[in-house]
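Each chain is listed here by its residues.
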Amino acid sequence: MQAQKIRQDTATNETSTVYPILFIIGLVHLLNDALQSVVPALFPVLQNSMGLTFTQLGLIAFALNATSSLIQPVVGIITDKRPSPYALPIGLTFSLFGIIGLALAPSFWVIIISVLFIGLGSAAFHPEGSRVAYMAAGNRRGLAQSIYQVGGNSGQALAPLMAAYILLPLGQKGVLWFTIVAAAAVLLLLYIAAWYKQQVANTNRPLIQKKKTIKVKSTDKSIGNKRIIIFSICLLVFLVFARSWFHAGITNFYAFYAIENYGIPIADSQIYIFVFLGAGAVGTFFGGPLADRFGKRLVISLSMLGSAPLALLLPFVGPTFAYILVAIIGFIILSSFSVTVVYAQELVPGRIGLVSGLIVGLAFGMGAVGSVALGVLADWVGLTNTIIFTVCLPFIGLLTFFLPSDKKVREMHN
């Protein structure tokens, strides 16, 4: 009887969702990504005060995203082997130093160094933050990742508002206000790190046993299934890469397109980006529960292919209808933001940090290359042609039909 009760308690612990931790880590994700979003939000200010070209702005975005994203798989591999709860507050401390440097930077190269610090802080946060969400998810992994990722997307959505109401009026020195945001994130992460450390201590033995079981099981796995998993991960990375180029084109350059084509002031142009990212945050929240119910591959497919025809219309509509389009496009295309992470975690179980680094980090960081490429393209062929190229990218979503179904993924690991 007592043994049965222990088994029941264990099952309850495995399936229960720890919502307070999920909401806190989602809030910190918001604060972290808001700090990152200060950089592109500052672009109009830097262009006016320092006379930076689109190529230089693209290089700043590249420096930020290359460090914040491309390093994430390395962090994920390390923390899969040795979980590091206090990497979370330490990482955000790096971001705090970067924010101070960005506010006081007198030149282009000091700006680059400052955004490298912000990027390093973000690289330390994301794999471990995703692990915290996984540990607190219970049996609601889609919902848990949605709560976690919607925090990040909401933080990104704040960028245009920060530009319009803080950075444009106050200039570069206005960035100093965000030291408060960074300090608050560090304090919250100290609490999260303590909970995380306790979870690792409580579950260390079962986790080691599970890892050994997976290792033995993988030796019996067919070569065909291994090839499917490798192909699917590579394809998923490429799809997120394409979505990231689209995201970079809209968030970094559509405001300039609106200024040039609609004749509106800088502050008004930022509203388009806020609408896109705000609707995307809502889409991210709904994407997880929808995937839990209807399947992850279906949501990933519909998020790209459903937004593709609407994106094609964007460069050819007026300023009013553009608000409606960017909202719908943002909602649809970012609805799969958290779903791709959960889908990848199920493809490669037991490698939470690595998978998070690949999908949220490496693949999204490849969008940093897009920032540079699109900046060069805008200087070369003009903003209008660059935006037209950008809105064609969601059609790459046709490749989602080559991903295995959710049922097939489950069968490969049973």
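Everything below is about the structure shown above.
Residues numbered from 1 in each chain as written. Predicted model: local features only at pLDDT ≥ 70, side-chain atom pairs only at ≥ 80, totals over all residues. Heavy atoms only, no water.

Q: Would you take a moment to explain the overall build of the protein chain for this structure?
A: Within the protein chain one finds 18 helices and 0 strands. Every one of the 414 residues in the protein chain was classed for burial, and the buried ones make up 54%. Partitioning the intrachain contacts of the protein chain with sequence separation of at least 6 by distance along the chain shows that 86% fall at a separation of at least 24. Surface summary for the protein chain: the accessible area is close to 17,600 Å², and the carbon and sulfur share equals 70%. (Helix = DSSP H or I, 4+ residues; strand = E, 2+ residues; numbered from the N terminus. Buried < 20%, exposed > 50% of the residue type's maximum accessible area, 1.4 Å probe, protein only. Contact = heavy atoms within 4.5 Å. Areas by Shrake-Rupley, 256 points an atom, 1.4 Å probe, with all protein chains shown as cover.)

Q: It is not clear to me how the nonpolar core should be interpreted in this structure. Could you clarify?
A: Across soluble globular proteins, you tend to see nonpolar side chains buried next to one another. Of all hydrophobic cores here, the largest spans 58 residues; its most connected members are Ile60 and Leu102. Here the element with the most residues in this core is helix H7 (residues 108–137); it accounts for 10 residues. Discounting chain neighbours no more than four positions away, the residues touching isoleucine 60 are Val39, Phe43, Leu46, Leu52, Phe108, Ile111, Ile112 and Val115. Counting 27 residues, the second-largest nonpolar core is a separate cluster that includes Ala255, Ile273, Val326 and Ile387. (Core = buried A, V, L, I, M, F, W, Y, C linked by side-chain atoms within 4.5 Å.)

Q: Hey, could you run me through the pattern of salt bridges in this one?
A: Side-chain pairs of opposite charge can arise whenever the charged atoms involved come near each other. For the structure shown, the criterion picks out 3 salt bridges. Across the pair glutamate 128 and arginine 131 runs a salt bridge, and its minimum N-O distance is 2.8 Å. Of this pair, glutamate 128 and arginine 131 both sit in helix H7, separated by 3 residues, roughly a single helical turn. Of the residues examined, glutamate 128 reaches a relative accessible area of 0% and is grouped as buried. Under the relative-accessibility criterion, arginine 131 is labelled buried at 8%. A salt bridge links glutamate 346 to lysine 296; its shortest N-O distance comes to 3.4 Å. Here the residue glutamate 346 occupies a position in helix H15 (residues 337–347), and lysine 296 occupies one in helix H12 (residues 296–305), the gap between them amounting to 50 residues. A relative accessible area of 21% means that glutamate 346 is categorised as partly exposed. Judged by its relative accessible area of 8%, lysine 296 falls in the buried class. Residues joined in a network through salt bridges with shared partners are Lys296, Glu346 and Asp406. (Salt bridge = Lys/Arg side-chain N within 4 Å of Asp/Glu carboxyl O.)

Q: Honestly, helix H14 (residues 319–333) in this entry has me stumped. Any pointers?
A: Because each turn of an α-helix spans 3.6 residues, side chains separated by three or four positions end up pointing in the same direction. Taking 1.5 Å of rise per residue, the 15 residues of H14 would be expected to cover 21 Å, and the 21 Å separating its terminal C-alpha atoms lies within 8% of that figure. Taken together, the buried positions of H14 are Ala322, Leu325, Val326, Ile329, Gly330 and Ile333. Taken down its axis, H14 places every buried residue within 130° of arc, on the same side. At its buried positions, H14 is contacted by helix H10 (223–262), helix H11 (266–294), H12 and helix H13 (308–313). (Expected span 1.5 Å × (residues − 1). Arc of directions from axis to C-beta.)

Q: I tried to follow the packing of H10 against helix H17 (residues 383–391) on my own but got confused; where do I start?
A: The axes of two packed helices give the description: the angle between them and the distance between them. In contact at an axis separation of 9 Å, H10 and H17 are set at 145° when each is read in the N-to-C sense. Considering how the two elements wind past one another, H10 and H17 form a crossing that is left-handed. Contacts from Trp245, Phe246, Gly249, Ile250, Phe253, Tyr254, Phe256, Tyr257, Glu260 and Asn261 of H10 reach H17 at Leu383, Thr384, Ile387, Phe389, Thr390 and Val391. Here the residues of the contact of H10 with H17 sort into 11 nonpolar, 4 polar and 1 charged. (Axes fitted to C-alpha atoms, helices over the stretch in contact; angles between N-to-C directions. Left-handed = near helix turned anticlockwise from the far one by under 90°. Nonpolar A, V, L, I, M, F, W, Y, C, P; charged D, E, K, R; others polar.)

Q: So what exactly am I meant to see when it comes to the packing of aromatic side chains here?
A: The geometry of an aromatic ring pair comes down to the distance between the two centres and the angle between the two planes. Scanning all chains against the criterion turns up 15 aromatic pairs. A centroid spacing of 6.0 Å and a plane angle of 40° characterise the contact between tyrosine 262 and tyrosine 272, whose relative ring orientation is tilted. Residue tyrosine 262 is found in helix H10, and its partner tyrosine 272 is found in helix H11; the two are separated by 10 residues along the sequence. Aromatic rings pair up to connect Tyr254, Tyr257, Tyr262, Tyr272 and Tyr323 into one cluster. (Phe/Tyr/Trp six-rings, centres within 6.5 Å; stacked < 30°, edge-to-face > 60°.)

Don't take any of this as a statement about function, it's just geometry.
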